[in-house]
Amino acid sequence: MTKGNALHIKGRILVTDTDVRDELWVVDGRITYERPAGARDVTTVDGWALPGLVDAHCHVGLDAHGPVDASTSEKQALTDRDAGALLLRDAGSPSDTRWIDDREDLPRIVRAGRHIARTRRYIRNYAHEIEPEDLVAYVAREARRGDGWVKLVGDWIDRESGDLSSCWPRGAVEAAIAEAHRLGARVTAHCFAEESLAPLVEAGIDCVEHATGLTEETIPLFAERGVAIVPTLVNIATFPKLAQGGEGKFPRWADHMRRLHERRYATVGAAYDAGIPVFVGTDAGGSLAHGLVAEEVAELVKAGLPASAALSAASWGARAWLGRPGLEEGAPADLVVYDSDPREDVRILAAPRRVVLRGHVVR
C-alpha cells in the first residue's frame, strides 16, 4: 500500500482459533488493529481472514528430474501463492532460489539447503550423495546456506535387502545433528520406514517428514521429545502407484509401501492424539504439483485432526513453529480471505476470495 492508502479487512479475523476479531487494517504493508487516521483511499474486503497459509514441506526449484530454471521456479512459487500459501519451508532443493527474496510478489521461503543423502540412496540429481564420514561437514555446509534448517534423507530403498532401510550410522547422525544445533539450525529428515525413526529422535532430531513408519512404540518417544512431523498425506497417496511400478524388482519394498499407505490416516491420527506437533506440507515440486495446501489440510481432517487443529497446522501454529509472524499488530500483511468460516469446512481453503501478500492484493 502507498502512504495515505489503507486496506480494510472486515468480517471475522482468525488471528488464532480463539482470538477472533472483527476487522484489521493494512497500512504501508503492515497490519494494525487501529483505524488509521487520514487514510485517503480505503479498499475494503469482506470475509473470513486467516494468516497466509504455510506449506512446510515443498520444493521450489525442483521437479521430478532435478533442478529447474528460474522461470519454472517462479511458476511454482506463483502457484503456491495463488493457493494462499504465502510461507514455504523448502525442504531441500538443489537450485539457488535466493532471488525470490527480492520479489515482492512471491511467497517467503524458509530454506533447508540441499538434501543430504547416502550414496545411491535417493532420487538422482536431488541430493548431495555422500558417505557417513562426510556427514558432519555437509550438514555444516547446508546449515550455513539454509534459513535455519537442514534436510537429511533418513531412509531409502536398499538394493541389497530390497526394502527400506536406514541410511546413517547412529554415531554419524548424532554428531551431525549436534553440529547443526551448534550452528543454530534445526534438522529434519525424510523417513518412510519404522526402523529409522527411534535412532534419529534419540540423536536429537527436530522434525521428521512423512513419518509413515510411526508405531505405538515410537509415537510416545516423539511426543516426549517434542519432535514434529509433516505427514505430506497428499504424497503418501501415491504409494500404491509407486509400489506397482517397483514390485517387479523389489517386491518386499512394494508390499511395505502398501502397508504404510493403508495405515496412513490411523498413523497421523494416533500421532496427533499423543500430542506430537503436526504441520501441513505437500511435498510439491518433485512429482507433485504445487498449490496443494488446501488438499493437505483436508487430508489431516480425514486423519482425525479437528478442523481447528488442521487450520493451525497450516497457519498460525505453523508460522509460530517456523518463527514467522501471523496476524499480529505491526506484522507484514500476509493473509488470505475466504467467503465462509474454514473452521466449519476446511474445503473452503481451496477457494480463496483474496490473497494479500506484503500488503498488496495479489489475487
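Up top you'll find the structure we're talking about.
Residues numbered from 1 in each chain as written. Predicted model: local features only at pLDDT ≥ 70, side-chain atom pairs only at ≥ 80, totals over all residues. Heavy atoms only, no water.

Novice: Mind showing me how you'd approach the overall build of the chain here?
Specialist: Helix and strand counts for the chain stand at twelve helices and 20 strands. Taking 2.2 N^0.38 as the reference for a compact globule, 363 residues should give roughly 21 Å; the C-alpha atoms of the chain span a radius of gyration of 21 Å, in line with that estimate. Dimensions of the chain, computed from C-alpha atoms along their principal axes, come out at roughly 70 × 40 × 35 Å. In the chain, buried positions account for 57% of the 363 residues. Of the roughly 14,500 Å² that the chain leaves accessible, carbon and sulfur atoms contribute 47%. Here the chain holds 44 positive side-chain charges and 55 negative ones, and the gap between their average locations is 3 Å. (Helix = DSSP H or I, 4+ residues; strand = E, 2+ residues; numbered from the N terminus. Rg over C-alpha atoms; globule rule 2.2 N^0.38 Å. Buried < 20%, exposed > 50% of the residue type's maximum accessible area, 1.4 Å probe, protein only. Areas by Shrake-Rupley, 256 points an atom, 1.4 Å probe, with all protein chains shown as cover. Lys, Arg positive; Asp, Glu negative; His and termini not counted. Charge placed at Lys NZ, Arg CZ, Asp CG, Glu CD.)

Novice: I would appreciate a short explanation of the packing of helix H7 (residues 239-246) against helix H8 (residues 251-262) in the present structure.
Specialist: The description of two packed helices rests on the angle between their axes and on the distance between the axes. Relative orientation of the contacting elements H7 and H8 amounts to 170 degrees, with a least axis distance of 8 Å. Viewed along their axes, H7 and H8 adopt a mutual orientation that is roughly antiparallel. Of H8, the residues touching H7 (which contributes Phe 239, Pro 240, Leu 242, Ala 243, Gln 244 and Gly 246) are Pro 251, Trp 253, Ala 254, Met 257, Arg 258, Leu 260 and His 261. (Axes fitted to C-alpha atoms, helices over the stretch in contact; angles between N-to-C directions. Parallel < 35°, antiparallel > 145°, perpendicular 65-115°, else oblique. Contact = heavy atoms within 4.5 Å.)

Novice: It is not clear to me how the pattern of salt bridges should be interpreted in this structure. Could you clarify?
Specialist: Pairing between side chains of opposite charge can happen when the charged atoms of each approach one another. All chains considered together, the criterion is met by 26 salt bridges. A salt bridge links Arg 111 to Asp 147; its shortest N-O distance comes to 3.3 Å. Of the two residues, Arg 111 is situated in strand S9 (residues 108-111) and Asp 147 in the loop between helix H2 (135-145) and strand S12 (149-153); the sequence distance between them amounts to 36 residues. Residue class for Arg 111 comes out buried when judged on its relative accessible area of 7%. (Salt bridge = Lys/Arg side-chain N within 4 Å of Asp/Glu carboxyl O.)

Novice: Just to check I follow, could you spell out the sheet that holds strand S1 (residues 5-14) for this structure?
Specialist: Each strand in a sheet pairs with its neighbour through backbone hydrogen bonds, running either in the same direction (parallel) or in the opposite one (antiparallel). Pairing is mixed across the open sheet formed by seven strands, whose spatial order is S3-S2-S1-S4-S18-S19-S20. On the outer flanks of this sheet lie strand S3 (30-32) and strand S20 (360-361), each paired with one strand and no other. Alignment of strand S4 (residues 41-51) against strand S18 (residues 335-338), held across four bridges, turns out to be antiparallel. Within S18, the position partnered with Ala 49 by the bridge is Val 337. (Pairing = 2+ DSSP bridges.)

Novice: I'm lost on the packing of helix H10 (residues 293-302) against helix H11 (residues 307-314) in this one. Help?
Specialist: Between H10 and H11, the shortest axis-to-axis distance is 9 Å and the interhelical angle comes to 145 degrees. The chirality of how H10 crosses H11 is right-handed. Judged by residue contacts, Val 297, Leu 300 and Val 301 of H10 engage Ala 307, Ala 310, Ala 313 and Ala 314 from H11. A per-class count over the contact of H10 with H11 returns seven nonpolar, no polar and no charged. (Left-handed = near helix turned anticlockwise from the far one by under 90°. Nonpolar A, V, L, I, M, F, W, Y, C, P; charged D, E, K, R; others polar.)

Novice: Help me out: how do you make sense of the environment of Glu 194 in this one?
Specialist: Within the secondary structure, Glu 194 is located in the loop between strand S15 (186-191) and helix H4 (197-202). Separated by 37 residues in the primary sequence, Glu 194 and Pro 231 have C-alpha atoms spaced 14 Å apart. Among all residues touching Glu 194, those that are not within four sequence positions of it are Gly 213, Thr 215, His 256, Leu 260 and Arg 263. Reaching out from Glu 194, the side chain makes a polar contact with the side chain of His 256 at a distance of 2.8 Å. Of note is the side chain of Glu 194, whose polar atom sits 2.8 Å from the side chain of Arg 263. (Polar contact = N/O pair within 3.5 Å; in protein donor to acceptor, adjacent residues only side chain to side chain.)

Novice: Any chance you could explain helix H3 (residues 170-182) here in plain terms?
Specialist: Note: α-helices contain 3.6 residues per turn, so residues at a spacing of three or four share the same orientation. Over its 13 residues, H3 runs 18 Å from end to end, which matches the ideal 18 Å to within 8%, given 1.5 Å per residue. In this structure, the buried side of H3 is in contact with H2, S12, S15 and H4. (Expected span 1.5 Å × (residues − 1).)

Novice: When you look at the pairing of strand S2 (residues 20-27) in this model, what are you seeing that I'm missing?
Specialist: A regular strand carries its side chains on alternate faces of the sheet. In terms of strand pairing, S1 meets S2 through six bridges, oriented antiparallel. Within S2, the residue paired with Leu 7 across the bridge is Val 26. Taking the residues that link successive antiparallel strands as the turn, the S1-S2 hairpin has five residues. Where S2 lies against S3, three bridges are found, and the strand directions are antiparallel. Directly across from Trp 25, in S3, lies its bridge partner Thr 32. Counted between consecutive antiparallel strands, the loop separating S2 from S3 contains two residues, among which Asp 28 sits at a positive phi close to 55 degrees.

Novice: Explain a positive patch on the surface here, please?
Specialist: Judged by side-chain charge, Arg 120, Arg 124, Arg 159 and Lys 249 come together as a positively charged surface patch. On the accessibility criterion, Arg 159 (45% relative accessible area) is partly exposed. (Patch = residues over 30% accessible without salt bridge, like charges linked within 9 Å, V, L, I, M, F, W, Y side chains within 5 Å.)

Novice: Would you take a moment to explain the packing of aromatic side chains for this structure?
Specialist: The geometry of two aromatic rings is summed up by the distance between their centres and the angle between their planes. Evaluation of the coordinates by the stated rule reveals five aromatic pairs. Here the aromatic rings of Phe 192 and Phe 239 are separated by 4.8 Å at their centres, their planes lie at 70 degrees, and the arrangement is edge-to-face. With a gap of 47 residues between them, Phe 192 in the loop between S15 and H4 and Phe 239 in helix H7 connect regions that are remote in the sequence. When sorted by exposure, Phe 192 lands in the same class as Phe 239, which is buried. Ring centres of Phe 279 and Trp 321 lie 4.1 Å apart, and the angle between their planes is 10 degrees; this geometry places the pair in the stacked category. You can see Phe 279 sitting in the loop between helix H9 (264-273) and H10 and its partner Trp 321 sitting in helix H12 (residues 316-321), a full 42 residues away along the chain. This pair shows no difference in class: Phe 279 is buried, exactly as Trp 321 is. Following the ring pairs from residue to residue traces out a cluster consisting of Tyr 122, Tyr 126 and Trp 156. Between the NZ or CZ atom of Arg 89 and the centre of the ring of Trp 149, over which it lies, the distance is 4.6 Å. (Phe/Tyr/Trp six-rings, centres within 6.5 Å; stacked < 30°, edge-to-face > 60°. Lys NZ or Arg CZ within 6 Å of the ring centre and 35° of its normal.)

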